[in-house]
Structures are given as C-alpha cells and as structure tokens.
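Structural overview for review
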Amino acid sequence: MRADTGTDHTSRIVGTAWGLLILNTLGSAGAKTIVPLPRSLIQMATMGALVAAFALALAVNLRLRIRASAFLLLLTLLLVPSVISSADLESGFGALFRCTRLALFVGTLWLLSRWWDGGPTFVRHHIRMYFAVLGSVAAGLVISPGAALPELYGGRLVGALWPLTPPQIGQYAAVIIGLTVLLLMGRRTDRTSAAVVIVPSLVLLALTHTRTATLGLLVGLALAIGSLILTSAAARRFFTWAVLCAAVAAVGFGSALQAWFLRGQSQENFTSLTGRAKVWDALLAAPRTASEYLFGAGLGDKSFGGLPIDNSWLAVYHEQGMTGVALVAAFLLVLGGVALLRPPSLSRACAIFLISYCAIASYTEAGLGDASPYLLHLTVAASLLATPAAATPLTTPEASTPEASTPEASTPAASTPEAPAPEASTPTAPRRPVPRWARRSEVT
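In this text the structure is predicted, and so the values were computed from the model without any measurement.

**Let's talk about the pattern of salt bridges**
Scanning the entire structure with this criterion turns up three salt bridges. Close ionic contact of D310 with R276 constitutes a salt bridge, the shortest N to O distance being 3.4 Å. Here R276 lies in helix 14 (residues 276-285) and D310 lies in the loop between strand 2 (307-308) and helix 16 (312-341), a separation of 34 residues in the sequence. Between K302 and E319 there is a salt bridge whose closest N-O contact spans 3.1 Å. Note that K302 is positioned in the loop between helix 15 (290-295) and strand 1 (303-304) and E319 in helix 16, a separation of 17 residues in sequence.

Printed below as a string of structure tokens:
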C-alpha cells in the first residue's frame, strides 16, 4: 500500500475531525430543550470541538501536506475583510473571537485537503454525522413530542435534545437525502442502507415544514441527475419515475401540498418571506461609511437591529462588505465552473447537488461568509471535484533512460516468459582485481 493513501486508522481520524467540524457548526441558539442546556456550556462544547478537530488534523498531517485549491484560497482571503472590519471593535470583542474561529476552521480544512481524491469519502463522513444529528432529533421527538413540536415554532419540528431550529433540521435532512439518492444511483450503496437514511430523513423534513430545504433538494437533485442522464440508464429511469410521481402528487394531493407549503400564513406574510424582506430593506437603507461599504461592520451573529438577516449575501455585505461579497461569489463561481468542465460522473453529480443547494439556500439562510454547514457542504463539493494525486513512479528516472541501464533495471518482470533474455546479454559491472594476500587466504 502506498504511504500517502493512509491507513484505516488515519481514515478514522480524518472522519472524526470532520465530525467535530460539523459539531462546531451546529450552533448554540435554538429551541428549548428537554434538559435545559446553558448557552455557555454549548459554546464551550462547540468551540472545544473545533480546537479538537484542528489538533487531530494537525496530528495526522504533521508534514503539512495540502492540496492546491482555489476554493480554499478564496475562503482564506475572506479572512482579510473579516479582520479589517473587526479590528476596530465596532462589533465588540466577539468579532475578533469569531475571526479566530473562522481562521481555525479554514486551517482545519486546509489540513484535511490532503485526503481529497475526487471520491465519495467525505460524502460518507457527511452523511454519517448528519444522520447521527437527525437521530438525536428523532429521539427527542419520541421522548417528548410536545417539546419537539412547540407552539412557539408553529408546531414545526425542533431539536429537543440539542437546540436545533426547523431550518437547520430541514437542511441536514435535505442534504443527506440528496447525497444518498445519488450514491444509490451510482451503486455506491445498497437499497436497504439507502432506505434507512432516506425514509426517516424525509419524515423529519416534512415535519419541519422547511420550504427552502425542500426546494433546494428538488432543484439540486434535478440538476445533479440531469448531469447524468446522457451517460447513466439509472439516472434516466429515476428521472422518469420522479416526473410521473410528481405529476400524480400534484393532481391527487395538490391542496394538501399547498397547505403544507403555506404553513397557515397569510398572503402578506408569505410574500414578505415571513418578515425577512422588511429586515433586508432596513439593512440596505442604513447609512454606511466607505470602510463599512468595502469591509463591513465586523463578524457578528448575522442579525441587524436585533432581527436575523436570513440571507447569506446581505449578511456578508453587512459584516464583510462588498469585498466579502465578491470573494463569496468568486468561490461559488469557481466551484460551479469546475463542476461544469468535469466529465459526467457520480462525483460531479454530488458536487453539482451541493453547490446548487447552497446557492438556493443562500437567498433565505445566512452562512456563506462564516464557519457554517454551508461551507462544509461546499468543501465536500471541492473534495469531489479534486483530481486524484498522480501515482509515484516505482523506478528512478536514471533507470528508465537507455544511457543509464543497470542490472536492477533489467529485472525478470521486464522480460516475458516466452522470450527470456539471454544471460550473456545482461550487462555486468567490471570485476575488481583480487589482491594476492586474499587469494592466498582462500587457498589455505
């Protein structure tokens, strides 16, 4: 086995580090849990997970071998406007703390980039960890249905064991459903394993009533499967059945689907995107200095006037300015462009699904400019689009040239059994003369 492929032990460490990164991005604000958890304790757990992830990634990659990545380079450059805008402490010391967190987060991604090989390794890590998170949500629903479906959130599913909001749960469910469907189509998993992941995740997604996650799942899968239609019979079959099922559902369950989609909201509340548009208008109308326009007001909690922004582009504009917006748009365009240039494959389809999902969710969810699940989704996409490392040649360049032929270069593996090379044709090195005293000792 080649040394740079890693061992099973190394693979487990990499998977553990990835799981700790996911734990760090779960957040500390959300619904009330069955057992009240102090926010300070949750923040200690999430930050401890990030430090542990960085330590594990560094321990397994002490030689600091990394993969060249335009995505990670642009993500690293995003630290520049973050630090510039946070240095004046307009947003408080919390802004510098968030800059440190983002730097550790990006540094861990650089260290783990050594194991990007264009395969589904990080896809499997992603699915396993988020399925475990959804398992905790399902356990909370079973233990205390009232706490998991509170009236405060309109009866939508929340995390009763760990504070998770309905949009978070919907996002995790939609992402692992889409990735598992694509792995099943590519025959990288069996139907039983896929059903174990897809069926309960669909139930949890339905209970969250999350429109953004549902729309991102459907559009992302349509684009991903569309990229495989010309080369995969399984993709064509799945697409045909999906269109038929969608037509039947639209005819037979149209009213029920409309009621689920509206969530009992009025027309005014629906058109204003549950009040988001009012916050967006106020943010855009607020006066800004030239420095705030270019570099933002510093990393914060993605809110404006005490209300959540819920838009990645406006959140980046508010906290990292137009410089941050340009960098975020650049790494999305880079990932999308590379995905379009790759030949059709399962890895390309998974990457297209993740990129399109994040692009759609960016309209009503924040997270593209800071350590978040969306950056982890895009990192998985970048790992899928990475080209495998070239194999190290077993022979030295000198041995492969005709002028430097040696006895080691003329091994039996280089000649065929039917036509063995004559023994006399093998070049031999000149023999050194044996001293007279040595010949006498051999005789005696």
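Structure's up, so let's keep going.
**Focus on the nonpolar core**
Ranked by internal contacts, the top residues of the largest apolar core, which has 104 residues, are W18, L21, L75, L182, F331 and L378. The leading source of residues in this core is helix 8 (residues 166-185), at 12 residues.

**Some remarks on helix 3 (residues 70-77)**
Buried within helix 3 we find F71, L72, L74 and L75. For helix 3, the buried positions fall inside an angular range of 160 degrees around the axis, keeping them on one side. Residues of helix 3 that are buried make contact with helix 4 (79-86), helix 5 (93-112), helix 16 and helix 18 (373-385).

**Section: the environment of S312**
Examined against the element boundaries, S312 turns out to sit in helix 16. Distance from S312 to A359, taken between C-alpha atoms, is 9.4 Å for residues 47 residues apart in sequence. The residues contacting S312, other than those within four sequence positions of it, are S362, E365, A366, G367 and L368. Reaching out from S312, the side chain makes a polar contact with the backbone oxygen of E365 at a distance of 2.6 Å.

**Some remarks on a positive patch on the surface**
Where like charges cluster on the molecular surface, the positive patch consists of R187, R191, R236 and R237. For R236, the location among the structural elements is in helix 11 (residues 233-252).

**Quick word on the packing of helix 1 (residues 8-24) against helix 5**
Contact geometry of helix 1 with helix 5 gives a least axis separation of 11 Å together with a crossing angle of 155 degrees. Here helix 1 is positioned roughly antiparallel relative to helix 5, judged by the angle of their axes. For the pair helix 1 and helix 5, the crossing hand works out as left-handed. Contacts between helix 1 and helix 5 involve V14, A17, W18, L21 and N24 on the former and, on the latter, R101, F105, T108, L109 and L112.

**Observations regarding the environment of A173**
When you line up the elements, A173 lands in helix 8. Classification of A173 by relative accessible area gives buried; the value is 0%. Between the alpha carbons of A173 and L134 there is a distance of 7.3 Å; along the sequence they are 39 residues apart. Excluding residues within four positions of it along the chain, A173 makes contact with L134, S201 and L205.

**Observations concerning the environment of L217**
Counting through the fold element by element, L217 comes out in helix 10 (residues 211-226). Its relative accessible area of 7% is what places L217 among the buried residues. Sequence separation between L217 and A174 is 43 residues; the distance between their C-alpha atoms is 5.5 Å. Dropping the residues within four chain positions of it, L217 is found in contact with A174, I177, G178, L205, F353 and Y357.

**Overview of the packing of aromatic side chains**
For the structure on display, the rule yields six aromatic pairs. Plain terms: the ring middles of W18 and F122 are 5.3 Å apart, the flat faces sit at 70 degrees to each other, and that makes the pair edge-to-face. With W18 in helix 1 and F122 in helix 6 (residues 121-143), this residue pair connects regions lying 104 residues apart in the sequence. For the pair W18 and F122, a shared accessibility class is recorded, and that class is buried. Judged by centre distance (4.7 Å) and plane angle (25 degrees), the ring pair of Y130 and Y172 falls under stacked. Residue Y130 is found in helix 6, and its partner Y172 is found in helix 8; the two are separated by 42 residues along the sequence. For Y130, a relative accessible area of 0% corresponds to the buried category.

Rules and cut-offs
- Residues numbered from 1 in each chain as written.
- Predicted model: local features only at pLDDT ≥ 70, side-chain atom pairs only at ≥ 80, totals over all residues.
- Heavy atoms only, no water.
- Salt bridge = Lys/Arg side-chain N within 4 Å of Asp/Glu carboxyl O.
- Helix = DSSP H or I, 4+ residues; strand = E, 2+ residues; numbered from the N terminus.
- Core = buried A, V, L, I, M, F, W, Y, C linked by side-chain atoms within 4.5 Å.
- Buried < 20%, exposed > 50% of the residue type's maximum accessible area, 1.4 Å probe, protein only.
- Arc of directions from axis to C-beta.
- Contact = heavy atoms within 4.5 Å.
- Polar contact = N/O pair within 3.5 Å; in protein donor to acceptor, adjacent residues only side chain to side chain.
- Patch = residues over 30% accessible without salt bridge, like charges linked within 9 Å, V, L, I, M, F, W, Y side chains within 5 Å.
- Areas by Shrake-Rupley, 256 points an atom, 1.4 Å probe, with all protein chains shown as cover.
- Lys, Arg positive; Asp, Glu negative; His and termini not counted.
- Charge placed at Lys NZ, Arg CZ, Asp CG, Glu CD.
- Axes fitted to C-alpha atoms, helices over the stretch in contact; angles between N-to-C directions.
- Parallel < 35°, antiparallel > 145°, perpendicular 65-115°, else oblique.
- Left-handed = near helix turned anticlockwise from the far one by under 90°.
- Phe/Tyr/Trp six-rings, centres within 6.5 Å; stacked < 30°, edge-to-face > 60°.

Remember, this is a structural readout, not a statement about activity or role.
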